Amino acid sequence: MDMDIEKFFDAIDHKWMIEFLRHRISDTSILRLIARFLNAGIMAEGKYYQSNKGTPQGGNLIPLLANIYVHYALDL
């Protein structure tokens, strides 16, 4: 499958991401840590904005989470 993923990282739903991760991760501490990472929010022009979708930019964990999300959302 070939597709354009423009704005993909901005559209990842946190609720679904955690649900997908629960299929493989049973440790609630790890799930809570990932959820906190996703819910870190955005700092723009000195103001903090909370977000319930999208991923932080530049995080090392983001490519792995994106692959897991795509696996459950598209492959299955």
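In what follows, the structure referred to is the one given above.
Worth saying up front: this structure is predicted, and the values here are computed from it rather than measured. (Residues numbered from 1 in each chain as written. Predicted model: local features only at pLDDT ≥ 70, side-chain atom pairs only at ≥ 80, totals over all residues. Heavy atoms only, no water.)

Trainee: Would you explain the overall build of the protein in this entry?
Mentor: What the protein contains, in helices and strands, is four helices and two strands. Secondary structure elements of the protein occur, N-terminal to C-terminal, as α-α-α-β-β-α. The principal-axis extent of the C-alpha atoms belonging to the protein is close to 40 × 35 × 20 Å. Counting every position in the protein, which comprises 76 residues, the buried fraction comes to 25%. The long-range fraction of contacts in the protein, counting pairs at least 24 apart against all pairs at least 6 apart in sequence, stands at 61%. By element, 53% of the accessible surface of the protein is carried by carbon and sulfur atoms, the whole surface being about 6000 Å². (Helix = DSSP H or I, 4+ residues; strand = E, 2+ residues; numbered from the N terminus. Buried < 20%, exposed > 50% of the residue type's maximum accessible area, 1.4 Å probe, protein only. Contact = heavy atoms within 4.5 Å. Areas by Shrake-Rupley, 256 points an atom, 1.4 Å probe, with all protein chains shown as cover.)

Trainee: In this structure, what is going on with the pattern of salt bridges? I would like to understand it.
Mentor: Working definition: two side chains of opposite charge can pair if their charged atoms are close together. By the definition in use, this model includes one salt bridge. For Glu 19, the salt bridge goes to Arg 22, with nearest N and O atoms at 3.5 Å. Taken as a pair, Glu 19 and Arg 22 lie in helix α2 (residues 14–22) at a separation of three residues, close to a single helical turn. (Salt bridge = Lys/Arg side-chain N within 4 Å of Asp/Glu carboxyl O.)

Trainee: Explain the side chain of Thr 55 to me, please; I cannot follow it from the model alone.
Mentor: Locating Thr 55 in the fold gives a position in the loop between β2 (47–49) and α4 (62–75). Contacts of Thr 55, omitting those with residues within four sequence positions, involve Phe 9, Ile 12, Leu 38 and Ile 62.

Trainee: So what exactly am I meant to see when it comes to the packing of aromatic side chains here?
Mentor: Any aromatic ring pair is given by two values, namely how distant the centres are and how the planes are angled relative to each other. Inspection of every chain in the model, using the stated rule, returns five aromatic pairs. A ring pair is formed by Phe 20 and Tyr 69, whose centres lie 5.3 Å apart and whose planes are at 65°; its orientation type is edge-to-face. Note that Phe 20 is positioned in helix α2 and Tyr 69 in helix α4, a separation of 49 residues in sequence. The aromatic ring of Trp 16 is capped on one face by Lys 15, whose charged end is 5.2 Å from the ring centroid. (Phe/Tyr/Trp six-rings, centres within 6.5 Å; stacked < 30°, edge-to-face > 60°. Lys NZ or Arg CZ within 6 Å of the ring centre and 35° of its normal.)

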